[in-house]
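Chain by chain, the residues:
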Amino acid sequence: MVAHITSHTISRRPSVYCFPLDQSWSILGQNPRCESMSQPEASASSEDSEDFTSEFSHLYKNAGRNADLSQQERREFYLNDQKERRHSLVDKHRDFSELFLNDERQEVCEDLVVSSEQVEDMDVDVHRRKNKRGFSLMHSEWLVDVPPDLEENWLAKFAPEGFRVLLIAKKFQTVLLNKRGKVLTLRTHLPGGGLSRNHGLTVLDCIYNKVSKTIFVLDCLYWNTMSMLDSETTFRFYWLRNQFEENAKMHETNKAHKLQLLEFMPADKGLIQEKIFQDLLASSHSVLYHGIVFYHKELHYTFKQTPLLGWLYCYMLPEKLAIDVPDIILSKMPKNYHSLEKYLEALEDKQANKLRSFKELRQASKVMDTS
């Protein structure tokens, strides 16, 4: 399973941190603590972005850096805040639906991109473009602190190698979008997708693997113009499973590409241990697991980074969950990797150096302009 990169800023949370998700994951914006599933906020307008921001927004960043609040405490704050805002969010979601339906020049915010080649994680923080038509995905935090209720209240999805995209099916066609615009245009059997159910709107959070030409479905934002944004994770996942099971053609497109729904499971260490040694097959190709995304069962889909969505690379599973992984996965571990915490510190230092170099270059440019 299993953000989510760009003129970015890596955050300190644990994408995921970013379904995706790869460095997108890694889906799912980041500061070194949150790289992976992308500090996301959907912005139909700057005013909307402000209204959509929680009073606890300062708690969503810099996981592990806040001396007063632990990652678990921020999870509890987020859950309470989500319940309080549930009704007001419904109206916001209607606005987003209109954005997806009517805007022909859609662009995904820069913090949406999830590319394993661009980032080292599922989500990445970025400087967002001031673009009315921009929208983004939900992004994760690094699972620095394993939740005490992980096996009871969380679900997990393995994320395959690939980069995160937003799939939009409407008006007789289906498009995949990343920060640069359209990645692929095709027709699908999704509502609005152009093959069998041409009316409606479907918006999915996906990972695209070019080698196998497979679009892996992570999550659902809209189905047949019905908003899933204020639905809990458990409902969204079972809904997707039922839709794909009831219609075998849902996997097919008018091209060589296939849609494949990623399985979800309780975040049980025994199940994860068993699953990690099973091959992920897609279009007769064996696709390597890149990481694992952890969803809190009560999480609503939100256009921002959240501590209720966790991300780990598969080679981090022995360290964080005491789970054995295949040698091929361990071979993906950076040679200088010692622990997640040191890894995030190194990312932060790297980002700080890049920012420093950028400021020095900009200052030098100003001096040249005035001379």
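The structure we're discussing is the one just above.
What counts and how
Residues numbered from 1 in each chain as written. Predicted model: local features only at pLDDT ≥ 70, side-chain atom pairs only at ≥ 80, totals over all residues. Heavy atoms only, no water. Salt bridge = Lys/Arg side-chain N within 4 Å of Asp/Glu carboxyl O. Helix = DSSP H or I, 4+ residues; strand = E, 2+ residues; numbered from the N terminus. Buried < 20%, exposed > 50% of the residue type's maximum accessible area, 1.4 Å probe, protein only. Pairing = 2+ DSSP bridges. Phe/Tyr/Trp six-rings, centres within 6.5 Å; stacked < 30°, edge-to-face > 60°. Contact = heavy atoms within 4.5 Å. Arc of directions from axis to C-beta. Patch = residues over 30% accessible without salt bridge, like charges linked within 9 Å, V, L, I, M, F, W, Y side chains within 5 Å. Areas by Shrake-Rupley, 256 points an atom, 1.4 Å probe, with all protein chains shown as cover. Lys, Arg positive; Asp, Glu negative; His and termini not counted. Charge placed at Lys NZ, Arg CZ, Asp CG, Glu CD.

(A) Broad picture of the pattern of salt bridges. The tally for this structure, following the rule as stated, stands at 5 salt bridges. Of the charged contacts, one joins Lys275 and Glu263 as a salt bridge, the two residues approaching to 3.2 Å between their closest N and O atoms. Taken together, the residues Lys275 in helix 6 (residues 269–276) and Glu263 in the loop between strand 11 (258–261) and strand 12 (265–266) connect sequence positions 12 residues apart. On the accessibility criterion, Glu263 (56% relative accessible area) is exposed. Glu341 serves as the salt-bridge partner of Lys320, at 3.0 Å between the closest nitrogen and oxygen.

(B) Geometry of the pairing of strand 5 (residues 163–170). Counting buried positions along strand 5 gives 8 out of 8 residues, so the element sits mostly inside the fold. Taken together, the 8 bridges between strand 5 and strand 8 (residues 201–209) define a ladder with antiparallel strand orientation. Among the inter-strand pairings, Ile168 is bridged to a residue of strand 8, identified as Val203. As paired elements, strand 5 and strand 6 (residues 173–178) share 5 bridges and run antiparallel to each other. Along strand 6, the bridge assignment pairs Ile168 with Val175. Following strand 5, the chain reverses through 2 residues before pairing antiparallel with strand 6; Lys171 in that reversal takes a positive phi of roughly 50°.

(C) View of the packing of aromatic side chains. Tallying each qualifying case throughout the model produces 13 aromatic pairs. Judged by centre distance (5.8 Å) and plane angle (65°), the ring pair of Trp142 and Tyr313 falls under edge-to-face. Linking Trp142 in strand 3 (residues 139–142) with Tyr313 in strand 16 (residues 305–313), this pair joins segments that are 171 residues apart in sequence. Judged by its relative accessible area of 0%, Trp142 is buried. On the numbers, 5.7 Å between centres and 80° between planes, the contact of Trp142 with Tyr343 is edge-to-face. Here the residue Trp142 occupies a position in strand 3, and Tyr343 occupies one in helix 9 (residues 340–370), the gap between them amounting to 201 residues.

(D) Representation of the environment of Ser286 within the structure. If you trace the backbone, Ser286 turns up in strand 14 (residues 285–287). Among the residues examined, Ser286 registers a relative accessible area of 52% and is labelled exposed. Once the C-alpha coordinates of Ser286 and Ser212 are considered, the two residues, 74 residues apart in sequence, prove to be 8.3 Å apart. In contact with Ser286, other than residues within four places in its own chain, are Asp279, Leu280 and Leu281.

(E) Looking closely at helix 6. When helix 6 is considered as a whole, its buried residues turn out to be Ile272, Lys275 and Ile276. One side of helix 6 carries all its buried residues, which in axial view fall inside an arc of 95°. Next to the buried residues of helix 6 lie strand 4 (154–160), strand 12, strand 15 (289–296), helix 7 (317–321) and helix 8 (327–330).

(F) The sheet that holds strand 3, seen in detail. Taken in spatial order, the 5 strands line up as 3-16-15-4-12 in an open sheet, and their pairing is mixed. In this open sheet, the two strands that pair with only one neighbour each are strand 3 and strand 12. Examined bridge by bridge, strand 4 and strand 15 share 7 bridges and lie antiparallel to one another. What sits directly across from Pro160, in strand 15, is Tyr289.

(G) A look at unusual backbone geometry. Located in the positive-phi region is Phe172, a residue other than glycine, with phi close to 75°. Positionally, Phe172 belongs in the loop between strand 5 and strand 6. For Asn224, which is not a glycine, the phi torsion comes out positive at approximately 50°. Looking at where Asn224 falls in the secondary structure, it is placed in the loop between strand 9 (214–223) and strand 10 (226–227).

(H) Broad picture of a positive patch on the surface. Judged by side-chain charge, Arg356, Lys359, Arg362 and Lys366 come together as a positively charged surface patch. In this structure, Lys366 sits in helix 9. Note on Lys366: relative accessible area 48%, which makes it partly exposed.

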